[in-house]
Amino acid sequence: MKVPFLDLSAAYRELKDGLDGAYQRVSETSWYIQGSEVTEFEKEFSRYCGVGHCIGAGNGLDALHLIVRALGIGPGDEVLVPSNTFIATWLAVTHAGAMPVAVEPDALTHNMDPARIEAAITPRTKAIMPVHLYGQAADMDPILAIAQAHGLKVIEDAAQAHGARYRGRRVGTFGCASAFSFYPGKNLGALGDAGCVVTDDAALAKAIRELGNYGSAQKYHHDTLGFNTRLDELQAAFLRVKLAACDEWNARRQAIAAHYLTRLAGANLILPKVLDEAEPVWHVFVVRVQQRDAVVKMLAEKGVATLIHYPIPPSRSGAYAHLGLSDGALPIAETLCGEVLSLPMGPHLSLEAADHVCDALLAALEVHA
Ligand SMILES: *Cc1c(COP(=O)(O)O)cnc(C)c1O
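Residue indices follow the written sequence of each chain, beginning from 1 at its first position. The predicted origin of the model limits local features to residues at a pLDDT of at least 70 and limits the giving and counting of side-chain atom pairs to 80 or more, whereas totals for whole chains, interfaces and linings rest on all residues. As a convention, hydrogens and water are excluded, and side-chain values are obtained from all of the structure's heavy atoms.

Whether a residue is near a molecule or strand depends on its heavy atoms: if one lies within 4 Å, it is near. In the vicinity of the ligand, 15 residues are found, and the nearest of them are Gly60, Asp157, Gln160, Ser181 and Lys186. Polar contact is defined as a pair of N or O atoms within 3.5 Å, subject to the rule that within protein one atom must be able to donate a hydrogen and the other to accept it, and that residues adjacent in sequence are counted only when both atoms are side-chain atoms. Take Leu61: an N or O atom from its main chain is 2.9 Å from an oxygen atom of the ligand. Between an oxygen atom of the ligand and a side-chain N or O atom of Lys186, the distance comes to 3.1 Å. Note on conventions: DSSP H or I runs of at least 4 residues are helices, E runs of at least 2 residues are strands, and numbering of each starts at the N terminus. Residue assignment for the shell around the ligand shows that the elements contributing at least two residues are α4 (60-70) and α5 (88-95). Only Asp, Glu, Lys and Arg are considered charged in this grouping, and only Ala, Val, Leu, Ile, Met, Phe, Trp, Tyr, Cys and Pro are considered nonpolar; every other residue, Gly among them, is considered polar. Here the shell around the ligand is built from residues that sort into seven nonpolar, six polar and two charged.

Next comes the structure, spelled out in structure tokens:
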């Protein structure tokens, strides 16, 4: 049995009629940039999140970067980011001219550990940027309390957590603004690069919209030094079809995760911990295993594809060598990156396939116990 990590062609097949129809609709109007598909998607996604404004962007990194810039955060400022995240979280801060300052995670939830935030705050700190990593909400209550006590903004990196909830509320609604990615492999994925910002702040929404549209609110009037990073009509049309399926597809992921948690309980590995307040949408299902490389090899031999999110933390990446964060500077992130293993996960994974994954993993763990 072959188990792919994520089956995007099955996703296309399930929604083929809607997606093909969306392509035809846009092609027939031949209006490709800033038209009604984007406007309608922005309305639908802001309603989905429960937030006042949605602004389409070219991708998730740009969405985060626009937020940081529009908040006036730049050179001389610091933003607290997780030590274990996709590098985009850090890059958004760096590209705005500010400094990302790493906060270590709780090693069981993998999310930013609120108990470690205050020690990282300096007079230069302007914002906290928690990531809802792997589809589980970060522990927002203490993060918001610390932010308030120190006068800091909270920017959510919700790129992996479309539809996830914390105390019953969707992520993306807690900070002053939040970024989503619609990269094809995300829970809500376009058929190419796409992203957006959501916020309840009308003035911030306006500033972000202009900044991502050549610094322009009116065609050929350029009031700020803007960027070109917009959601295009085709991707918006595809996303409208996929948004209608998002909750059901997340529920399927939740069923797979529940199955993994049951079948793998008691095995020689560390399962992800879910906060009482959180309802994860399981963008990926990450376990921690010793001798990971040997386990990956045995799984591959049994047809089970796995990935590692992420093998190298930003601090150990060449791009951030200049920060001089040497070995041991961020020990939790460094330990996790040597142990984390993402199992196949997605709305088109059958329970039978998930069982095959569990059988193969349990056998590999026996051999390497
Ligand atoms: C995917 C991702 C991003 C960036 O999204 P892109 O659309 O690929 O630019 C940012 N942060 C996190 C945590 C992500 O997983």
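Where charged atoms from two side chains of opposite charge approach closely, those side chains can pair. One side-chain nitrogen of Lys or Arg within 4 Å of one carboxyl oxygen of Asp or Glu is enough to make a salt bridge. Under the defined criterion, the tally for this structure stands at 21 salt bridges. Its salt-bridge partner being Asp113, residue Arg116 comes within 3.2 Å of it at the nearest N-O pair. By relative accessible area, Arg116 is classed as partly exposed at 39%. Relative accessibility decides the category of a residue: with a 1.4 Å probe and only protein chains considered, values under 20% of the type maximum give buried, values over 50% give exposed, and everything between is partly exposed. Its relative accessible area of 15% is what places Asp113 among the buried residues. Across the pair Asp247 and Arg170 runs a salt bridge, and its minimum N-O distance is 3.3 Å. Pair noted here: Asp247 is in helix α8 (residues 233-264) and Arg170 is in strand β7 (residues 169-170), with a separation of 77 residues, a long-range link.

The subject of this paragraph is the sheet that holds strand β9 (residues 195-199). Across the sheet, seven strands lie side by side as β1-β9-β8-β5-β4-β2-β3; this open sheet has mixed pairing. Two strands lie at the open edges of the sheet, namely β1 (53-57) and β3 (99-103), each paired on one side alone. Going across the sheet, the axis of each strand differs from the next one's by a mean of 30°, ignoring polarity. We call two residues contacting when some pair of their heavy atoms lies within 4.5 Å. Think of each axis as a best-fit line through the C-alpha atoms, taken over the contacting stretch in the case of a helix, with angles from 0 to 180 degrees between the N-to-C directions. Of the strands in this sheet, β2 (78-82), β3 and β5 (153-157) touch α5, which is tilted by about 170° from β2. Strands in contact with helix α6 (residues 140-150) are β4 (125-128) and β5; relative to β5, the strand with the most contacts, it is inclined by about 150°. Two strands qualify as a pair provided DSSP detects at least 2 bridges between them.

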